[in-house]
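Chain residues, written in single-letter form:
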Amino acid sequence: MADTETTAATAPPTKRPPRTTNKALLWLRRNLVTLAGLCTLAYLILPNLVVLVFSFNKPNGRFNYQWQRFSTDAWTDPCGVADLCGSLGLSLQIALWATLGATALGTMIAFALARYRFRARSGVNALIFLPMAMPEVVMAASLATLFLNMGIRFGFWTILIAHIMFCLSFVVTAVKARVMSMDPRLEQAAQDLYASPAQTFLRVTLPIAAPGIAAGALLSFALSFDDFIITNFNAGSTVTFPMFVWGSAQRGTPVQINVIGTAMFLVAVVCVIVGQLAGRRRKRS
Amino acid sequence: MTTTEAPAPPSGPAGAEPLQARKTPARKRLVPYWLLLPGILWLVVFFAAPLVYQASTSLQTGSLEDGFTVTWHFATYLDAIAEYWPQFLRSVLYAAIATALCLLLGYPLAYLIAFKAGRWRNLVMILVIAPFFTSFLIRTLAWKTILADGGPVVGVLNSLHVLDVTSWLGMTEGQRVLATPLAVVCGLTYNFLPFMILPLYSSLERIDPRLHEAAGDLYARPATTFRRVTFPLSMPGVVAGTLLTFIPAAGDYINAELLGSTDQKMIGNVIQSQFLRVLDYPTAAALSFILMAAILAMVTIYIRKSGTEELV
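- Chain B is annotated in an unreviewed UniProt entry as ABC transporter permease of Streptomyces halobius.
- Chain B has a UniProt comment under Subcellular location (unreviewed entry) that states "Cell membrane".
- Chain B has a UniProt comment under Sequence similarities (unreviewed entry) that states "Belongs to the binding-protein-dependent transport system permease family. CysTW subfamily."

- Under the annotation held in an unreviewed UniProt entry, chain A carries the name ABC transporter permease and is attributed to Streptomyces halobius.
- Listed under Subcellular location (unreviewed entry) in UniProt, the entry text for chain A is "Cell membrane".
- Among the UniProt annotations of chain A, the heading Sequence similarities (unreviewed entry) holds the following wording: "Belongs to the binding-protein-dependent transport system permease family. CysTW subfamily."

**Things to note about the UniProt feature "domain: ABC transmembrane type-1" (unreviewed entry) in chain B**
- In this structure's numbering, the residues bearing the UniProt feature "domain: ABC transmembrane type-1" (unreviewed entry) are residues 88-302 of chain B.
- Secondary structure across residues 88-302 of chain B comprises 78% helix and 0% strand; the distance between its end C-alpha atoms is 19 Å.

**What about the UniProt feature "domain: ABC transmembrane type-1" (unreviewed entry) in chain A?**
- Those residues carrying the UniProt feature "domain: ABC transmembrane type-1" (unreviewed entry) are residues 88-278 of chain A in this numbering.
- Overall, residues 88-278 of chain A shows 82% helix and 0% strand. The separation of its end C-alpha atoms is 29 Å.

**Notes on the interface of chain B and chain A**
- Chain B puts 74 residues into the contact, and the matching count from chain A is 74 residues.
- The junction of chain B with chain A conceals about 7000 Å² of combined surface from both sides, 80% of it contributed by carbon and sulfur atoms.
- Our count for the contact surface shared by chain B and chain A stands at zero salt bridges.
- The tally of links from chain B across to chain A stands at 11 residue pairs in polar contact (both at pLDDT 80 or more).
- The dominant element in the side of chain B that touches chain A, judged by the number of residues it contributes, is helix H4 (residues 31-57) of chain B, at 21 residues.
- Among the residues making up the side of chain B that touches chain A, the classes are represented as 55 nonpolar, 12 polar and seven charged.

**Side note on the pattern of salt bridges**
- According to the stated counting rule, one finds six salt bridges over all chains in the structure shown.
- Put simply, Asp 73 of chain A and Lys 58 of chain A hold a salt bridge, and the shortest N to O gap is 2.8 Å. Of this pair, Asp 73 of chain A sits in helix H3 (residues 73-76) while Lys 58 of chain A sits in the loop between helix H2 (32-54) and H3, and the two are 15 residues apart along the sequence.
- The partner of Asp 208 of chain B in a salt bridge is Arg 210 of chain B, with the nearest N and O atoms 2.7 Å apart.
- Its relative accessible area of 29% is what places Asp 208 of chain B among the partly exposed residues.

**What about the environment of Gly 216 of chain A?**
Residues and elements named next belong to chain A.
- As for its position among the elements, Gly 216 is in helix H9 (residues 197-226).
- Judged by its relative accessible area of 0%, Gly 216 falls in the buried class.
- For the pair Gly 216 and Leu 277, spaced 61 residues apart in sequence, the C-alpha to C-alpha distance is 21 Å.
- Beyond its immediate sequence surroundings of up to four residues, Gly 216 is in contact with Val 171 and Ala 174.

**A word on unusual backbone geometry**
Residues and elements named next belong to chain B.
- The backbone of Ala 179 shows a phi angle near 65 degrees, a positive value even though the residue is not glycine.
- Of note, the phi angle at Tyr 219 is positive, near 65 degrees, even though the residue is not glycine.
- On the secondary structure map, Tyr 219 appears in the loop between helix H11 (209-217) and helix H12 (222-233).

**Some words on the packing of H2 of chain A against helix H10 (residues 181-205) of chain B**
- Look at H2 of chain A against H10 of chain B: their axes get within 11 Å of each other, and the N-to-C directions meet at 120 degrees. Here H10 of chain B runs oblique to H2 of chain A, going by the angle between their axes. The handedness of the crossing between H2 of chain A and H10 of chain B is left-handed. In this structure, H2 of chain A contributes Thr 40, Tyr 43, Leu 44, Pro 47 and Asn 48 of chain A to the contact, and H10 of chain B contributes Cys 186, Thr 189, Tyr 190, Leu 193, Pro 194 and Ile 197 of chain B.
- Tallied by class, the residues present in the contact of H2 of chain A with H10 of chain B amount to eight nonpolar, three polar and no charged.

Reading guide: rules and limits
Residues numbered from 1 in each chain as written. Chains lettered and ligands numbered in written order. Predicted model: local features only at pLDDT ≥ 70, side-chain atom pairs only at ≥ 80, totals over all residues. Heavy atoms only, no water. UniProt positions renumbered as here; feature names shortened; annotations may be inferred. Helix = DSSP H or I, 4+ residues; strand = E, 2+ residues; numbered from the N terminus. Contact = heavy atoms within 4.5 Å. Buried area = accessible area lost by both parts, 1.4 Å probe. Salt bridge = Lys/Arg side-chain N within 4 Å of Asp/Glu carboxyl O. Polar contact = N/O pair within 3.5 Å; in protein donor to acceptor, adjacent residues only side chain to side chain. Nonpolar A, V, L, I, M, F, W, Y, C, P; charged D, E, K, R; others polar. Buried < 20%, exposed > 50% of the residue type's maximum accessible area, 1.4 Å probe, protein only. Axes fitted to C-alpha atoms, helices over the stretch in contact; angles between N-to-C directions. Parallel < 35°, antiparallel > 145°, perpendicular 65-115°, else oblique. Left-handed = near helix turned anticlockwise from the far one by under 90°.

Laid out in structure tokens, this is it:
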């Protein structure tokens, strides 16, 4: 009896190490997907952290690729580099106009496609899909060829035209998805309640389509603001913010670029969080 | 279309037209065309017409001084392929590797958000999207710092003998990562990863979690459940994601320029330099047409394959 008890008591310690490794292995296996996903998340965020950290660097020489010493100089003087804030302002301006243009044109197309049956439908759908399935260089080079041969001067207007062109499809896709998923009976109900077509559109259709329109507008703002390839071909000597960054990669990157990159990241995070909170509050009330 | 139909309804070819016109007034029938007109006009003038125009440019000969004229010079295409086939091949290869890596890296994260994140879902989603609000050129330049010679990443890869393997595969050279194919592929993977994650997530999110329980009840192990239930149901996301990463990656020239050296030039770099530096417009036009045709052909085959074998 005592013998068996001692063996029972001593047996576990000898067996425990393999069991714990088994447990660890089991845990690892069970959470493998989660761990892999978190690794990918880290891969996505790593460059942003580097941009943040190097915005506090005081580089030796022109290139900001190696850590030298801590400094807040760039943060206190973000416009201290010639042309940087000018290009930033130009990019914001173009993005704003491109968003307005693409959202207006794209929303109209989306409503036509989602609401009406007409003969040219499949052709229109193909024309909307193609710009998204085309490498940017091809679009950029062909549009620039056209401008060049028509003798149009490259600059603000050619950039704006190009940006509206490539943002359009994304707006159509976003708005169309929203309008298609909307219950047509809501509009019928409004009409049954003697709403005029204009009233139905303004009080029922538009509010329901609004999130899709907002998504399309946000997307085109982001795409336009960040576009380099198409702008590079159609800008001439005009310099947008991405083009400034591109040029600085060859000449030497000022720390201010990291400051602006970090600021953009923070503004985006704050906007998203505010949007989430607002959405939650609306749902609650 | 609108202009031809508006003034002449009686001369319409089919007899059904006037009948329909009586049912709905012509003004209302034209509403979709008026809605489409400005946007479609924009796309026709600034997207479709330039492509046609570029086709004619690719068949021109001449010089900047004397001007270019269409001479149906098809040899431009042959010369372009003969001279730049390595860059074409490299673009397809890098884009394919980057797409495969995106799928490998993106799938777990999309799965995590769709099924495991629970109340953290919104936070993880923000963390996926928010980095992309920093200008992507700035983020790509950050990879120069991360992959720098003698930096921690290269140090770790070296001590794990990973660089020996990648050098043997021809992806790196010696003790460095920057200015090698690996750096370019790493940049491409990074830049196009969200285009893989978002479609994957939206198709995974639609899968009813009860299907997993059902598979478990039928004694399927997790791996089997994934292979037989989850993955086939996520195929629309996989197809959309791979297309959304492969197409832009094949035409990209930013990663090859910033993270690679002259040995890693992709076809986008060639088009860019032909157009903006050499000013040889016919060659640039021919190159971008070949790229477009090649991608369209590959995409068509791919969609057909994935449609018949896995989607059904």
